[in-house]
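Take a look at the letters that make up each chain.
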Amino acid sequence: MGKNAIVGQSGGPTSVINASLAGVFESCKSRGAEIVYGMCNGVAGLLEERVVDLSTVLTDDLDIELLKRTPSSFLGSCRYKLPDWHEDETVYKKLFAILEKLNIGYFFYIGGNDSMDTIGKLAEYGERIQSDIRFMGVPKTIDNDLMVTDHTPGYGSAAKYIGVVMKMIRDATVYGTKYVTVVEIMGRNAGWLTAAAALAKSDDCEGVDMICLPEVPFNVEHFIEKVRVMQEKKPSIVIAVSEGVKLEDGRYVCELADDVHAVDAFGHKALTGTARYLANVVARNLDTKTRCIELSTLQRCAGHLTSRTDITEAYQVGGAAAKAAFEGVTGQMVALKRISNSPYQCTTELHPISEVANLEKKVPLSWMNANHTQMTDEFLAYARPLIQAELTPLYIAGLPHHIYMKNQK
């Protein structure tokens, strides 16, 4: 009897995370997996033995096609921090007992930095107990902050959404009066998504007036002065700011507000309120109207603006992970390797999880102008291929049609 495979999704959803799920599922089935299980809500659900035979919910080609075009996590997600095995071996014994019960030979986890930490710990423990289970990481994050990979599946579609939305400049400038619009964009400690606001600049749009990345220490007084100087030449301005911009002392700017910020299992503070705080402080110091806009979860799961490049690569990394696992590889993550920008060509390669887990890839400051307010042509050459083409949703009654787990445990 052959071995079974199991796949889970973890962390924040994206527009294309389910394309990676489809890639893992189809590749595992074609390579002879008896059953491909899905973890309901990641490792947290697996610990409760909440799994589903994916063949019972993905029954035909249409289901697979819908899955590729469905945003958010089909299997459900979690933010569960696996303890170090030498500190608490109990949870590992339980997990491996469940995997043995399910006859698992191949384990796939689709996620970002923290998910790769989970894969690394499981692969290390598996090696310690001489398990033959292969553990593979499948990259996913709109933040684009994973090391070793040129970019991450999920980033291209989120960047496309941001580039489209930032054309709100047309609305922000209609009155010709003093107005400051501050748009808050996700990204925590890496500014890749906020940098994508630069994509809005084109023949039909003058682009945003300022971009603030977390890679550059933030000074509130200097920010106000930059806005004042800009408004002398142009009364209505639009600013893209990362949720994770920090002061020189390391505090997030959003912490200057009185809001309470929760902390998740990995110790990450919930970042929100940066744009609101900055809009308020500008309004208090300058003679101008202001408004703040938080794109929030809209930017990560806008399935109607999915990049075809992104969804194709998401499917490919899922398939590449399955191929590697069935060839005996474990403790590795599939990475994307760019061959050229024009024409755009990209392939996959493998890297040890230790090169990825708990690390963050930042935007090179050389990809910003001298005063760190705009992105250079080098960044645009990097980002533009990732947002190309569309995969139109299947529409029913005027709305996108998705697939979801109707009887999820």
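Above this text is the structure in question.
Just so it is clear, the structure is predicted and the values come from calculations on it, not from any experiment. (Residues numbered from 1 in each chain as written. Predicted model: local features only at pLDDT ≥ 70, side-chain atom pairs only at ≥ 80, totals over all residues. Heavy atoms only, no water.)

**Observations concerning the overall build of the protein**
Test applied: Every helix listed is a DSSP run of H or I at least four residues long, and every strand listed is a run of E at least two residues long, numbered separately from the N terminus. Our radius of gyration is a C-alpha quantity, and the globule rule it is checked against amounts to 2.2 Å times the number of residues to the power 0.38. Classification of residues uses two cut-offs on accessible area relative to the type maximum, computed with a 1.4 Å probe and protein chains only: under 20% is buried, over 50% is exposed, and between them is partly exposed. What makes two residues a contact is simply this: any of their non-hydrogen atoms within 4.5 Å. To measure how exposed things are, a 1.4 Å probe is used in the Shrake-Rupley method; for residues, cover is taken only from the protein chains shown. The sign given to each residue is positive for Lys and Arg and negative for Asp and Glu; His and the chain ends receive no count. To locate a charge, take NZ of a lysine, CZ of an arginine, CG of an aspartate or CD of a glutamate.
Each helix and strand counted, the protein has 12 helices and 13 strands in total. Relative to the 2.2 N^0.38 estimate, which gives 22 Å for 409 residues, the radius of gyration of the protein is 22 Å and therefore close to what a compact globule would have. Once the C-alpha set of the protein is aligned to its principal axes, its extents read approximately 75 × 50 × 40 Å. The buried share among the 409 residues of the protein stands at 56%. Restricting to contacts in the protein with at least 6 residues of sequence separation, those with at least 24 account for 76%. Carbon and sulfur atoms provide 50% of the accessible area of the protein, an area that totals close to 17,200 Å². On the protein, the mean spot of the 42 positive side-chain charges and the mean spot of the 50 negative ones are 2 Å from each other.

**Notes on the pattern of salt bridges**
Convention followed: Only one rule defines a salt bridge in this text: a Lys or Arg side-chain nitrogen within 4 Å of an Asp or Glu carboxyl oxygen.
Across all of its chains, the model carries 18 salt bridges by this definition. Of the charged contacts in the structure, one is a salt bridge between R69 and E65, with a shortest N-O distance of 3.2 Å. A residue is classified by how much of its surface remains accessible, and R69, at 17% relative accessible area, is buried. Note that E390 and K160 form a salt bridge whose closest N and O atoms lie 2.8 Å from each other. Note that E390 is positioned in the loop between α12 (377-383) and β12 (395-396) and K160 in helix α6 (residues 155-165), a separation of 230 residues in sequence. A single salt-bridge network, built from bridges that share partners, covers E65, K68 and R69.

**Focus on the nonpolar core**
The condition that has to hold: Buried Ala, Val, Leu, Ile, Met, Phe, Trp, Tyr and Cys residues form a nonpolar core when they are joined through side-chain atoms within 4.5 Å.
The biggest cluster of nonpolar side chains holds 43 residues, and the ones touching the most others in it are Y155, M166, M375 and F379. If you list the elements that add at least two residues to this core, you get α6, α7 (169-172), β6 (179-185), α8 (192-195), β8 (236-242) and α12. Looking at this core, the element that brings in the most residues is α6, giving six residues. Once residues within four sequence positions are removed from consideration, Y155 is found in contact with T141, I142, N144, W192, L193, A196, D310, F379, Y382 and L386.

**Observations regarding helix α4 (residues 90-101)**
Rule in force here: Multiplying 1.5 Å by the helix residue count minus one yields the expected span of that helix. Regarding the arc, it is the one traced by the directions from the helix axis to the C-beta atoms.
Spanning 12 residues, α4 covers 17 Å between terminal C-alpha atoms, matching the ideal 16 Å at 1.5 Å per step. Listed in full, the buried residues belonging to α4 are V91, Y92, L95, F96, I98 and L99. In a view along the axis of α4, the buried residues occupy a sector of 155°, so they form one face of it. Those residues of α4 that are exposed and aimed more than 90 degrees away from the buried face are T90, K93, E100 and K101. Elements in contact with the buried residues of α4: β1 (4-9), α2 (42-46), β4 (104-111), α5 (113-128) and β5 (134-139). Count one or two residues on from α4 and you reach N103, which has phi positive near 60°.

**Quick notes on the sheet that holds β8**
Formally: Should DSSP find at least two bridges between two strands, the strands are regarded as paired. Convention adopted: a line fitted to C-alpha atoms gives each axis, helices being fitted over their contacting stretch, and angles between N-to-C directions are expressed from 0 to 180 degrees.
Strand order in this open sheet of four strands is β7-β8-β6-β9, and the pairing throughout is parallel. The open sheet is flanked by β7 (210-212) and β9 (289-294), the only strands paired with a single partner. Put simply, the sheet's adjacent strands are angled 20° from each other on average, direction ignored. Taken together, the three bridges between β7 and β8 define a ladder with parallel strand orientation. In the sheet register, M210 faces β8, and the bridge partner there is I239.

**So, the sheet that holds β1**
The seven strands are arranged β3-β2-β1-β4-β5-β10-β11 in an open sheet whose pairing can be described as mixed. Strands at the two margins of the open sheet, each flanked by one partner only, are β3 (51-53) and β11 (344-352). The sheet shows a mean angle of 25° between the axes of neighbouring strands, direction not considered. Relative to β5, β4 runs parallel, the two being bridged by six bridges. Following the sheet pairing, F108 is matched in β5 by M136. Docked against the sheet, helix α1 (residues 17-30) engages β1, β2 (36-39), β4 and β5, running at close to 175° with respect to β1.

**A short note on unusual backbone geometry**
The omega torsion of the bond from S342 to P343 falls at 0°, within 30 degrees of zero and hence cis. Tracing the chain through its elements places P343 in the loop between β10 (332-341) and β11. Unusually for a residue other than glycine, R188 sits at a positive phi of about 50°. Mapped onto the elements of the fold, R188 is located in the loop between β6 and α8.

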